[in-house]
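# Fold and geometry: a report
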Amino acid sequence: MRWERGRRSDNIEDRRGMRVSGKGIAGGGIGAIVLALVAMYFGVDPAVVLNQAGTLAPTQAEQQPAAFSPEEEKLKEFMSVVLADTEDVWGTLFQGSGQRYQQPKLVLFSGAVQSACGFAEAAMGPFYCPGDQKLYLDMSFFNDLAQRHDAPGDFAQAYVVAHEVGHHVQTLLGVSEQVHAARSRAGETEGNALQVRMELQADCFAGVWAHHANKQRQILEPGDTEEALAAAAGVGDDRLQKQARGFVVPESFTHGSSEQRMRWFKRGMQRGDPAQCDTFKSAQL
């Protein structure tokens, strides 16, 4: 991916090296953390679990002396460029529809973090919290992405950020609120199906970003698209469930199958039109 000449975003909040206490979760306790970890392992958005389990009571966090390697600092710079690209793309698209895009912040952390959605450990993976409109990422996740999910490469990493930004776009458009309200009235199977459509739309939005970023700055190199598709496939519910327990339960899917996630990312990337990402009206996912 050609990124070095890209603009750097100012919306990076670096909390690496900060120690966060997980004590005092109201209404959930340590069980909320365990539930969220299990949920992440089976492909469930941890923010959903944390919102249901309760919020975190005020805790103390202190900055710890930390030295980061040149590789880690370069990865942070890369994240800043990807975030800036999403700001430029979605800013233009929102402006074209007469709206103003509110830029989210990307919080980099190490080990654990406190958000408006609760306490989260790095094992939960990246997530977006609508409560504070921030993306949360421990960059060590990319090692897991490459090794456990067989999705190495910088464009695979960019896809992860673009997907979480897709959830932010859903929040700004009111989609997140509508889905949350509908899920509160639905049964488990119907609620899971709604969540799948929401996740696939975020994948499609990530593809929309890739389409326009490449059109504006020619960021793609040979093999980049395949890297993003590998990342989308690697975190499909069917693959995660097969790895975790040896069999697949489609009605418990919350993110979509590997094939579905790849299809919707490609749809967004090929068409570049957010209107083509309406998974909620699509008869076939």
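The structure we're discussing is the one just above.
Residues numbered from 1 in each chain as written. Predicted model: local features only at pLDDT ≥ 70, side-chain atom pairs only at ≥ 80, totals over all residues. Heavy atoms only, no water.

Turning our eyes to something else, we now look at the sheet that holds strand β8 (residues 134–137). Read across the open sheet, the four strands follow the order β1-β4-β8-β7; overall the sheet is mixed. Each edge of the open sheet is held by one strand with a lone partner, namely β1 (12–14) and β7 (127–129). The average undirected angle you get between the axes of adjacent strands in this sheet is 25 degrees. In this fold helix α3 (residues 70–96) packs onto β1, β4 (105–108) and β8, with an angle of close to 150 degrees to the strand it touches most, β1. (Pairing = 2+ DSSP bridges. Helix = DSSP H or I, 4+ residues; strand = E, 2+ residues; numbered from the N terminus. Axes fitted to C-alpha atoms, helices over the stretch in contact; angles between N-to-C directions. Contact = heavy atoms within 4.5 Å.)

Right, let's get into the pattern of salt bridges. Following the criterion strictly, the structure yields twelve salt bridges and no others. One salt bridge in this structure joins Arg-7 and Glu-87, with 2.9 Å as the shortest N-O distance. You can see Arg-7 sitting in the segment before β1 and its partner Glu-87 sitting in helix α3, a full 80 residues away along the chain. Judged by its relative accessible area of 38%, Arg-7 falls in the partly exposed class. Judged by its relative accessible area of 3%, Glu-87 is buried. (Salt bridge = Lys/Arg side-chain N within 4 Å of Asp/Glu carboxyl O. Buried < 20%, exposed > 50% of the residue type's maximum accessible area, 1.4 Å probe, protein only.)

Time to look at helix α5 (residues 154–173). Helix length check: α5, at 20 residues, gives a terminal C-alpha distance of 29 Å against a target of 28 Å (1.5 Å per residue), a fit within 8%. Extensive coverage of α5 is indicated by the burial of 17 of its 20 residues. In the segment just after α5, Gly-174 is the residue with positive phi, at about 85 degrees. (Expected span 1.5 Å × (residues − 1).)

Right, let's get into helix α9 (residues 237–245). Listed as buried for α9 are Asp-237, Leu-240 and Gln-241. Down the axis of α9, the smallest arc covering the buried residues is 95 degrees, so these residues share one side. (Arc of directions from axis to C-beta.)

As enumerated under the stated definition, the model contains eight aromatic pairs in all. A centroid spacing of 5.6 Å and a plane angle of 90 degrees characterise the contact between Tyr-159 and Phe-265, whose relative ring orientation is edge-to-face. Here Phe-265 lies in helix α10 (residues 258–271) and Tyr-159 lies in helix α5, a separation of 106 residues in the sequence. Summarising the burial analysis for this pair, Tyr-159 and Phe-265 share the class buried. The rings of Trp-90, Phe-94, Tyr-101 and Phe-205 are connected pair by pair, giving a single aromatic cluster. (Phe/Tyr/Trp six-rings, centres within 6.5 Å; stacked < 30°, edge-to-face > 60°.)

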